[in-house]
Amino acid sequence: MSRSSDKGVRVLFTSAGRRVELLRAFKQAFETLNLPGEIAVTDANPLAAALQVADHTEIVPRLDHPDYAAVLTDLCRRRHIDVVFPLIDPDVPVLAAMSDKLAASGTQVATVPPASVETVQDKWLTLRLFRELSLPTPKSWLPKEAMPEARAYPLFIKPRTGSSSAKTFVVRNAEELSFFQKYVPQPIVQEFLPGPEVTSDVICDTRGHVMSVISRRRIEVRSGEVMKGVTCVDPVIIDSCCRIAKALQAKGPITVQGLYRDDVFHFTEVNARLGGGVPLAIAAGAKVAEWLLASAVGLPLDLPALGSYEVGVFLTRFDQSFFLRTEPNGTLQGRHL
């Protein structure tokens, strides 16, 4: 779906949370492209910071609420939304399931199609995809399978369908493994890879063509989101990310994650959304927001060769605050130092 560029483009970010940097990057992209449009965001929390920088905001029910799909569909219809970008992993299956209904009213969901959702949500199935593509992966086990020998420790355990690094642990011995297999929901056990850990922002257009792959080494992470990182490049990772995006039929951004053991990169996960560290990709010269907006309206793109971004650009994050007061009508009025 694309519309005439003189009508602009209206984008919606769901579960916008703390993604202020991202919204500011899209606002700048609108100006750079001289493109009219609107940035709308939703969140279930009226104190979500990103609500303070969007053009239009709406508080919506939580994802598991029975009215969520109807509320979001109505919002897209009323605001004439062209593209919806999910910003957290739990949004992906919900929005993918709604994609046909939203498309009927002119709204495209920028993620993987419904047929690929289970593959990206279930880390065991993700590993299966990587192996089908002959990509290196960590040795992995499910609880019902034969467990590794003592010499295999340390190991790493995580939920098959987890997000934001919740309930992920390093396991040092059989006693810890026995405990965490009961504590972690639907666990997957893997060999512990020393790293470094690398996340790649894979930016696909509305037709599924890969526009850019930008890799960044994660130096420090908080609740699954990078706090310090640096851009890097590995031609093998770039080529592999293109193959992964094609296999998933991604139409929109995804992130591909993994870790090195010695000089071999092992692929571990895919997130079918804009990564939290994508502002680093933008700082390194990847015009992510501009490319996604231009793709949405069918503007011609002059894309650089894959891998042609600045390497060695560091990201270091800090917290910033909005201060809100309740107005007489009950609305929150934002203030910012």
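The coordinates are above.
Nothing here was measured: the structure is a model prediction, and the numbers come from that model.

Rules behind the numbers
- Residues numbered from 1 in each chain as written.
- Predicted model: local features only at pLDDT ≥ 70, side-chain atom pairs only at ≥ 80, totals over all residues.
- Heavy atoms only, no water.
- Helix = DSSP H or I, 4+ residues; strand = E, 2+ residues; numbered from the N terminus.
- Rg over C-alpha atoms; globule rule 2.2 N^0.38 Å.
- Buried < 20%, exposed > 50% of the residue type's maximum accessible area, 1.4 Å probe, protein only.
- Polar contact = N/O pair within 3.5 Å; in protein donor to acceptor, adjacent residues only side chain to side chain.
- Contact = heavy atoms within 4.5 Å.
- Axes fitted to C-alpha atoms, helices over the stretch in contact; angles between N-to-C directions.
- Parallel < 35°, antiparallel > 145°, perpendicular 65-115°, else oblique.
- Left-handed = near helix turned anticlockwise from the far one by under 90°.
- Nonpolar A, V, L, I, M, F, W, Y, C, P; charged D, E, K, R; others polar.

Observations regarding the overall build of the chain
Part 1: Each helix and strand in the chain was counted, giving nine helices and 17 strands.
Part 2: Taking 337 residues into account, the globule formula puts the C-alpha radius of gyration at 20 Å, and the chain, at 20 Å, falls close to it.
Part 3: Taken along its principal axes, the extent of the C-alpha atoms in the chain is 60 × 50 × 40 Å.
Part 4: By residue count, 50% of the 337 residues in the chain fall in the buried class.

Overview of the side chain of arginine 317
Part 1: Relative to the elements of secondary structure, arginine 317 occurs in the loop between β15 (314–316) and β16 (322–326).
Part 2: For arginine 317, a relative accessible area of 17% translates into the label buried.
Part 3: A polar side-chain atom of arginine 317 sits 3.0 Å from a polar atom in the side chain of glutamate 21.
Part 4: From its side chain, arginine 317 meets the backbone oxygen of valine 226 in a polar contact 2.9 Å long.
Part 5: Apart from residues lying up to four places away in sequence, arginine 317 is in contact with Glu21, Glu225, Val226, Met227, Gly276, Gly277 and Pro279.

Some remarks on the packing of helix α1 (residues 20–32) against helix α9 (residues 288–297)
Part 1: In contact at an axis separation of 8 Å, α1 and α9 are set at 60° when each is read in the N-to-C sense. In terms of axis orientation, α1 runs oblique to α9. Judged by the sense of rotation from one axis to the other, the crossing of α1 with α9 is right-handed. Every residue of α9 that contacts α1 at Ala25, Phe26, Ala29, Phe30 and Thr32 is listed here: Ala289, Glu290, Leu292 and Leu293.
Part 2: Residue composition of the contact of α1 with α9, grouped by class: seven nonpolar, one polar and one charged.

Note that every value here comes from positions in space, so none of it alone points to a role or purpose.
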